[in-house]
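Residue-level structure breakdown
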Amino acid sequence: NLLSEERVAAGFIEGPHPRNGDFEVEILTRDELVPLVSSQHPLAASLRHSLREVLAQVFLMREEGSGVGEAIRARFDRLRLRPVDTLTLGTTEAIKDVLLSGIGVSILPRMAVSTELAAGRLIILPIPKLVISRNLVWLRPRDRRPSAALSAFRLKLDEAIGGRSGGEAAARSSGSFSVKPDG
């Protein structure tokens, strides 16, 4: 991993994190993955839909290995459901672009779509079984002193998310961020 190899000084992950004592681990905030459609999609006209009706739509997914994609696949496994037709895309931005064109349904981080939700361009489908909560976690090797740049970044990050836990600036990257170590 990039942190263990000292190729980056810190990182963000979502979901499970190392518990071996080698890393400073801090939960920065919680985020939800929410089911979405474009305000132009036929499902947006009425927000009362069954889970099976939603999964009968083209379902836009992140690729294997993506934290978002893995969380969604795990939820589908627990529910013993599968979308009828899926389209796999490599970035959250690509999925948002397809959604905004009026095609498909997806589940994305609320933080990643906050602008589109506020503008009314995307609509959250009220299907509680498809809402997934997760932690956004800060990792830093415990045995390395942070550089002045990393310390300054962390102060700005804490300001942006309202101190410890509670904002959205930390997750504006699509699931990962890294700062190269000094040297």
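Check the entry above for the structure.
Attention in this report is confined to the structure presented alongside it. For every chain, the first residue of the written sequence is number 1, and numbering continues from 1 along that sequence. Per-residue local features are limited, in this predicted model, to residues with pLDDT of at least 70; the limit for side-chain atom pairs, both in listing and counting, is 80 or more; totals at the level of whole chains, interfaces and linings are taken over all residues. Computation of side-chain values: all heavy atoms of the structure, hydrogens and water removed.

1. Considerations on the overall build of the protein
Definition in use: Put simply, DSSP H or I for four residues or longer makes a helix, DSSP E for two residues or longer makes a strand, and each gets a number counted from the N terminus. Per-residue accessibility takes into account occlusion by the displayed protein chains alone, with areas from the Shrake-Rupley method and a 1.4 Å probe.
Along the backbone of the protein there are 5 helices and 8 strands. N-terminal to C-terminal, the α/β element order of the protein is β-β-α-β-α-β-α-β-α-β-β-α-β. Of the roughly 9,700 Å² of accessible surface on the protein, 52% is carried by carbon and sulfur atoms.

2. Observations regarding helix H5 (residues 148-160)
The following threshold applies: What a helix should span is 1.5 Å times the count of its residues minus one. For the exposure calls, accessible area comes from a 1.4 Å probe over protein chains only, and a residue counts as buried if that area is under 20% of its type's maximum, exposed if over 50%, partly exposed in between. To be clear, the arc concerns the directions from the helix axis to the C-beta atoms.
Helix length check: H5, at 13 residues, gives a terminal C-alpha distance of 18 Å against a target of 18 Å (1.5 Å per residue), a fit within 8%. Residues Leu150, Arg154, Leu157 and Asp158 constitute the buried set of H5. Take H5 and look down its axis: the buried residues cluster within an arc of 95°, on one side only. In this structure, H5 carries Ala148, Ala149, Leu155, Lys156 and Glu159 as exposed residues pointing more than 90 degrees from its buried face. At the C-terminal side of H5, Gly162 shows a positive phi close to 75°.

3. Some points on a nonpolar patch on the surface
Applicable threshold: Only residues whose relative accessible area exceeds 30% and that take part in no salt bridge are eligible for patches, with like-charged residues grouped when within 9 Å of each other and nonpolar side chains (Val, Leu, Ile, Met, Phe, Trp, Tyr) grouped when within 5 Å. Salt bridge criterion: a side-chain nitrogen from Lys or Arg within 4 Å of a carboxyl oxygen from Asp or Glu.
A cluster of nonpolar side chains, contributed by Val58, Leu87 and Ile103, occupies part of the molecular surface with about 210 Å² of accessible area. Relative to the helices and strands, Leu87 is located in strand S4 (residues 85-89). With relative accessibility at 36%, the residue Leu87 sits in the partly exposed group.

4. Thoughts on the environment of Gly21
Mapped onto the fold, Gly21 is located in the loop between strand S1 (10-14) and strand S2 (23-38). Under the relative-accessibility criterion, Gly21 is labelled partly exposed at 43%. Each C-alpha atom of the pair Gly21 and Pro141 lies 9.0 Å from the other, and the pair is 120 residues apart in sequence.

5. Side note on the packing of aromatic side chains
Under the convention used in this document: What counts as a ring pair is set by centres within 6.5 Å for rings of Phe, Tyr and Trp (its six-membered ring), and what kind of pair is set by the plane angle: stacked under 30 degrees, edge-to-face over 60, tilted for all other angles. Lysine NZ or arginine CZ positioned within 6 Å of the ring centre and within 35 degrees of the ring normal marks a charge as sitting over the ring.
Applying the stated rule across the entire model yields 3 aromatic pairs. Aromatic side chains Trp138 and Phe153 sit 6.4 Å apart centroid to centroid with 25° between the ring planes, which places their arrangement in the stacked category. Of this pair, Trp138 sits in strand S7 (residues 132-141) while Phe153 sits in helix H5, and the two are 15 residues apart along the sequence. We classify Trp138 as buried; its relative accessible area is 2%. The side chain of Arg154 reaches across the aromatic face of Trp138, ending 4.8 Å from its centre.

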